[in-house]
Amino acid sequence: MPSPLKVRSFHRDDRDQLTELVNAHVSAVVPGLSVSVNTVLNQLQRRPDEFITDPWVAERVTLVAEQRQYVVAAAHLLRYRADAATGADYRNAGVIEWFVFRPPASFWPDSEQAADLLMAACLAQLKRWEVSRCYADGQLPAPGICGLPEQWQHVRASYERAGFTRTGHTEVLLMATVADLRQVVGAAAPGLAIQRTLGECGTRFSASLGADVVGFAEVDTSVDRPERHARNGGLADLTELHVAEPYRDSGLEERLLAHVAQWLRMAGVDRLTACADDTEEIERLSRYGFQVLSRMTRGWEHRAG
């Protein structure tokens, strides 16, 4: 006879089992990536990387479903303040920041039951908070995951059973190995100079002709912080790749990426991610050696919210 399921608040003693559950979901999206126990615990308290929205959070609750003294499902919820200092889209909103559970298996046939029991507890918590709208997402504390990845079909099904509908857009996560980035072909344009500076989100490589900046690439190597462990080398994120229209087919993008690749090799980084939200950008990145890892849906809202 199956052991009864129980939903309760997260306890610190759950940290290893919760991290194992989180990493099972992370590694299905980004190859070789896992996060540490400290990374998971830190996100339950605050998200300093979300320096705009995190100060708006009034309450945080983490719930788990337990069976046979094992965490089989978990969810992290946020309540945003209702004051004027909070952004309009977040004001008095409740969010299931992430929701994870293992899909049904022969050794855990009642995992969907655990998920539904946990989801009922999440909706009850949102109701107690008396929020004016209810959202859901899949933002685990791991680089590249910024929505509900297509690999988590079981989580999507749970959201839909609970009455959440998708209202947002789709973001595509791509990855290239630094060794496979397309190499520069041909000589540089006369007078072209590429300078490395600190950019908005990382290290910026700017291409200039005279006084005009005609293109730039920006890469963030801080996504692979010490508390996050990529099993097969380092990880970085291409946050920007832009070339002015007259220089789009001049080979300048390849030249900028070559400088990025050289910099990453010296930093011991062997993989580079990028996000795109339109077909043209995906096709462009694919020409340079990027492959699609996942399509992630954003903006899930509860019909009764």
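A brief structural summary.

Brief notes about the sheet that holds strand 3 (residues 57–67)
Pairing within the open sheet is mixed, and its seven strands lie in the order 1-3-4-5-6-17-8. Both outer strands of the open sheet, strand 1 (6–9) and strand 8 (164–166), are each paired with one neighbouring strand and no more. In this sheet, adjacent strand axes meet at a mean angle of 30° when their direction is disregarded. The pairing of strand 6 (residues 133–136) with strand 17 (residues 300–302) spans two bridges and is antiparallel.

Some remarks on the packing of aromatic side chains
Tallying each qualifying case throughout the model produces seven aromatic pairs. Centroid distance Tyr 159 to Trp 300: 6.2 Å. Interplanar angle 50°. Geometry classified as tilted. Taken together, the positions of Tyr 159 in helix 4 (residues 153–161) and Trp 300 in strand 17 put the pair 141 residues apart, joining distant regions of the chain. Among the residues examined, Trp 300 registers a relative accessible area of 1% and is labelled buried. Ring pairing ties together the aromatic residues Phe 99, Phe 101, Tyr 159, Phe 164 and Trp 300, which thus form one cluster. Its guanidinium or amino end placed over the ring of Phe 216, Arg 204 lies 4.1 Å from that ring's centre, counting from NZ or CZ.

Rules used throughout
- Residues numbered from 1 in each chain as written.
- Predicted model: local features only at pLDDT ≥ 70, side-chain atom pairs only at ≥ 80, totals over all residues.
- Heavy atoms only, no water.
- Pairing = 2+ DSSP bridges.
- Helix = DSSP H or I, 4+ residues; strand = E, 2+ residues; numbered from the N terminus.
- Axes fitted to C-alpha atoms, helices over the stretch in contact; angles between N-to-C directions.
- Phe/Tyr/Trp six-rings, centres within 6.5 Å; stacked < 30°, edge-to-face > 60°.
- Buried < 20%, exposed > 50% of the residue type's maximum accessible area, 1.4 Å probe, protein only.
- Lys NZ or Arg CZ within 6 Å of the ring centre and 35° of its normal.

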